[in-house]
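# Overview (structure and organization)
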Protein chains: 2
Amino acid sequence: MDKFTIKDIAKLAEVSTATVSNFLNGNYAKMSNNTRTKLANIINKTNYHPSTTARNLAKNENKTIGVSVADITNPFTTPVISGISERCEKYGYKVIFTNSNNDEQREIENINRMREEEVAGLIIDPVNPDSNIYNQLSNAYTVIVDRQPRRNVIDTIVTDNRDSVKNMVAQMQANGYEDLYFISWPLDSFSTRVNRYAGFKLATNYLDDEHLLTVPYNTELTKSNGFDQVLKKIMTNPHKKIGFFTMNSRVLLQLLKSAQRLNYTYPTDFGVATYEEFEWMQLLNPGISCIRQDSFTIGCSAMNLLKDKLETTFTNEPAPQVKVVPTDMIIRESF
Amino acid sequence: MDKFTIKDIAKLAEVSTATVSNFLNGNYAKMSNNTRTKLANIINKTNYHPSTTARNLAKNENKTIGVSVADITNPFTTPVISGISERCEKYGYKVIFTNSNNDEQREIENINRMREEEVAGLIIDPVNPDSNIYNQLSNAYTVIVDRQPRRNVIDTIVTDNRDSVKNMVAQMQANGYEDLYFISWPLDSFSTRVNRYAGFKLATNYLDDEHLLTVPYNTELTKSNGFDQVLKKIMTNPHKKIGFFTMNSRVLLQLLKSAQRLNYTYPTDFGVATYEEFEWMQLLNPGISCIRQDSFTIGCSAMNLLKDKLETTFTNEPAPQVKVVPTDMIIRESF
DNA sequence: CTGTTAGCGCATTCAT
DNA sequence: ATGAATGCGCTAACAG
């Protein structure tokens, strides 16, 4: 590629490198209009571009932020990345990505690698938000998205998990559904799942966990995994209108597949609603009521917040905050 | 973060910075075993990490590669990125991402920005592979994926578009389907679409384009856009078994939605197969026969190739090649 | 307004 | 086997 340096430009323009540097940094006050236009011309003609590497070294700063995502194949992730990228571009940051592939060890390595490479800030979609690797990270330069740590030491951007579920389930109740079930992958301590379930309990007032149904994570849809039995048992219990809320679209897929095998249909035999919305849901007839989360906005918010933290100097560090991004409730004909 | 430099380490170990540098670069031959272990200890204890920025500047190299994707929300893209990332990690490259959002202008800006930032190489999933921006790029440091330029000047990794469609359609013919249609977004000059259609014609030997049905790009599934009429007309033509091949999953969605509205079902009223496979297809009953492409491998191959190009010095530049990544044909019950 | 100069953190001859 | 010196391309005082 081009081999021009600031020296070459200085020589061509018959000025010093300092003047060129000033020009590059927009300090036009420090030069005559004459040299300013001359420089502009030369730089334009030579197609010269300052080396970011050298610049970073000299200024001892690095305008790149590092992103670690838990699982890039998770459809939730893509819009988040998209939001982050767009923001970074706008703010003049570069962004480097790593994928943990749901592997906690891998995540640790990735984060460490990025830190060693002196990124200015970190945005993390954590595999396990309660991992203690985050304790070594400073809230001054990192933001967590999606999954929320139990002990909050770092700013976190999450979607409205609890209240949106609560509202949707309340809606189901308003439509006469009395026997409600929350279907989810194992809750473990994933805040997304836990909070969605919390919303469910808030609406239903169930005291125990009898209405929490779990299906195994990442299983083949073609196999029943015993869920068929569970479903069958529930469905043969005829006193009340039965409704299901699924924790995400892949769980919904499990439920529908199971129902298909057992020949149950909605909204006749049961009502259903889900967290998440995807294009393929439009194929389903009747349409599925769902909670649409705005992942793109989550990405944007994360970067906005990070930029603020990076570029403002606080006299005293503010307490870590949790920002909740609102969702849309889409009502269709599934209950 | 840490403020240790190579000087500090040198001082602590009572050696010169040169020795430390040699240690860091694995030139153990140039020092005694004694200083080697001493250095190892100190570096370990101080948690010192050399500055990649300074290193890059000194060596005048930059181990990061730039990736430009046409549309990050395209489900094809995610596994490609995943493959690239994984490879980069393995080979010790960093990777920076940009999203063109299907905007050619934006893509140009992104690519230029990355070039200015002195990335070592470029992997491009192009918005418009025939754009002349690629003429300014050297085949020495760039690889194109997915969409294939008509005039090939840069190495390209694509999925097996033509032959896999040909084979699938031949399969449909073997099952007795005689009136076959290829449904696609407008072909324009997108190589993916063009090549898939070429495969279709190869199998069917249709001479004209009467059996090419196009649906508008990115439309709401809930609207018919006139496709319902087209479908209806075809379906009322009863002499032969009718079969459809859809160019990708989103087009499949269009077809199925339309069929749903008109109350046609497969494989009774028509047979169908599609390019691409996604998880939600498992919901469809009967199952849809499809061509599964290995996007992850495409990403890996792209990075493999790029690494080769970057790290080997050619006496004479080899001619640009097109690498075709094979697909899987999944036969289910949709025809 | 413009030029001189001393770093930024590291790699790399060339001596010793 | 080790060290001193020089430079990578740029920025930021400080002089003038």
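Residues numbered from 1 in each chain as written. Chains lettered and ligands numbered in written order. Predicted model: local features only at pLDDT ≥ 70, side-chain atom pairs only at ≥ 80, totals over all residues. Heavy atoms only, no water.

Taken together, the 47 residues of chain A in the interface contact 47 residues of chain B. Note on chain A versus chain B: buried area summed over both sides is about 4,400 Å², and carbon and sulfur give 57% of it. Counting across the chain A and chain B interface gives 7 salt bridges. Of the charged contacts, one joins Glu86 of chain A and Arg106 of chain B as a salt bridge, the two residues approaching to 3.6 Å between their closest N and O atoms. Our enumeration of links across chain A and chain B arrives at 4 residue pairs in polar contact (both at pLDDT 80 or more). Of all the secondary structure elements, the ones that give two or more residues to the side of chain A that touches chain B are helix 4 (52–59), helix 5 (77–91), strand 2 (94–99), helix 6 (104–116) and helix 10 (249–262) of chain A. (Contact = heavy atoms within 4.5 Å. Buried area = accessible area lost by both parts, 1.4 Å probe. Salt bridge = Lys/Arg side-chain N within 4 Å of Asp/Glu carboxyl O. Polar contact = N/O pair within 3.5 Å; in protein donor to acceptor, adjacent residues only side chain to side chain. Helix = DSSP H or I, 4+ residues; strand = E, 2+ residues; numbered from the N terminus.)

This part takes up the packing of aromatic side chains. A complete count under the given rule lists 23 aromatic pairs over all chains for this structure. Relative to Phe200 of chain A, the ring of Tyr197 of chain A lies with its centre 6.1 Å away and its plane at 15 degrees, an arrangement referred to as stacked. Here Tyr197 of chain A pairs with Phe200 of chain A, and both are found in helix 8 (residues 191–204), just 3 residues apart, close to one helical turn. Like Phe200 of chain A, Tyr197 of chain A is buried. Where Tyr266 of chain B meets Phe270 of chain B, the ring centres are 6.1 Å apart and the plane angle is 50 degrees; that geometry is what we call tilted. Pair check on accessibility: Tyr266 of chain B and Phe270 of chain B agree, each one buried. (Phe/Tyr/Trp six-rings, centres within 6.5 Å; stacked < 30°, edge-to-face > 60°. Buried < 20%, exposed > 50% of the residue type's maximum accessible area, 1.4 Å probe, protein only.)

Of all residues adjacent to DNA strand D, which total 24 residues, the nearest are Ile6, Tyr48 and Arg55 of chain A together with Ser16 and Ser32 of chain B. In the model, a phosphate oxygen of DNA strand D is placed 2.3 Å from a nitrogen or oxygen of the Ile6 of chain A main chain. A distance of 3.0 Å separates a phosphate oxygen of DNA strand D from a polar atom in the backbone of Ser51 of chain A. Of all the secondary-structure elements, those providing two or more residues to the surface near DNA strand D are helix 2 (17–24) and helix 4 of chain A together with helix 2 (17–24) and helix 4 (52–59) of chain B. Among the elements that make up the surface near DNA strand D, the one with the highest residue count is helix 4 of chain A (4 residues). Taken together, the residues of the surface near DNA strand D sort by class into 12 nonpolar, 8 polar and 4 charged. (Near = heavy atom within 4 Å. Nonpolar A, V, L, I, M, F, W, Y, C, P; charged D, E, K, R; others polar.)

Residues in contact with DNA strand C amount to 24 residues; listed here are only the nearest, Ser16 and Ser32 of chain A together with Ile6, Tyr48 and Arg55 of chain B. Of all DNA strand C atoms lying within 4 Å of any protein atom, the proportion belonging to sugar or phosphate reaches 71%. Separating a phosphate oxygen of DNA strand C from a backbone N or O atom of Ser16 of chain A is a distance of 2.7 Å. At 3.4 Å, a side-chain N or O of Asn25 of chain B approaches a phosphate oxygen of DNA strand C. Of all the secondary-structure elements, those providing two or more residues to the surface near DNA strand C are helix 2 and helix 4 of chain A together with helix 2 and helix 4 of chain B. Broken down by element, the surface near DNA strand C gets its largest block of residues, 4 residues, from helix 4 of chain B. For the surface near DNA strand C, the class distribution of residues is 12 nonpolar, 8 polar and 4 charged.

Take the relation of the copies chain A and chain B next. Once turned by 180 degrees and shifted 0.0 Å along the axis, chain A lies on chain B with an RMSD of 0.1 Å. Those values place the two copies in the arrangement expected of a two-fold rotation axis. Across chain A, the rotation axis passes nearest the C-alpha of Ile96 of chain A, at a separation of 2.3 Å. Mapped onto chain B, 100% of the interface residues of chain A again fall at the interface, so both copies present the same surface. (Least-squares fit on C-alpha atoms with pLDDT ≥ 70 in both.)

Quick look at the side chain of Asn248 of chain A now. With respect to the secondary-structure elements, Asn248 of chain A resides in the loop between strand 8 (242–246) and helix 10. Here Asn248 of chain A is in contact with Trp185, Arg196, Thr274, Tyr275 and Glu276 of chain A, once residues within four sequence places are set aside.

All right, on to the sheet that holds strand 7 (residues 212–214) of chain B then. Residues and elements named next belong to chain B. Strands sit in the order 7-6-8-9-10-12 across an open sheet of 6 strands; the sheet is mixed. In this open sheet, the two edge strands, each paired with only one partner strand, are strand 7 and strand 12 (328–330). Here the average twist between neighbouring strands, direction ignored, is 20 degrees. Relative to strand 7, strand 6 (residues 179–184) runs parallel, the two being bridged by 3 bridges. Note that in strand 7 the partner of Ser184 across the bridge is Thr214. Contacts from helix 9 (residues 227–235) reach strand 6, strand 7 and strand 8 (242–246) within the one sheet, and its direction differs from that of strand 8 by about 145 degrees. Helix-sheet contacts for helix 10 (residues 249–262) involve strand 6, strand 8 and strand 9 (271–275), and the interaxial angle to strand 9 is about 155 degrees. (Pairing = 2+ DSSP bridges. Axes fitted to C-alpha atoms, helices over the stretch in contact; angles between N-to-C directions.)

All names here are of chain B. Across the 5 residues of strand 8, 5 count as buried, placing the element largely inside the fold. Every second residue of strand 8 is oriented toward a common face, with Ile242, Phe244 and Thr246 on one face and Gly243 and Phe245 on the other, all of them buried. Sheet analysis places strand 6 next to strand 8, joined by 5 bridges and oriented parallel. When the bridges of strand 8 are listed, Leu180 appears paired with Gly243. Where strand 8 and strand 9 come together, 4 bridges link them in parallel fashion.

What follows concerns the domain arrangement of chain A. When the domains of chain A are assigned, the result is domain 1 (6–46), domain 2 (53–157 + 295–324) and domain 3 (161–293). Centre-to-centre separation of domain 1 of chain A and domain 3 of chain A, based on C-alpha positions: 65 Å. (Domains from an automatic or database assignment.)

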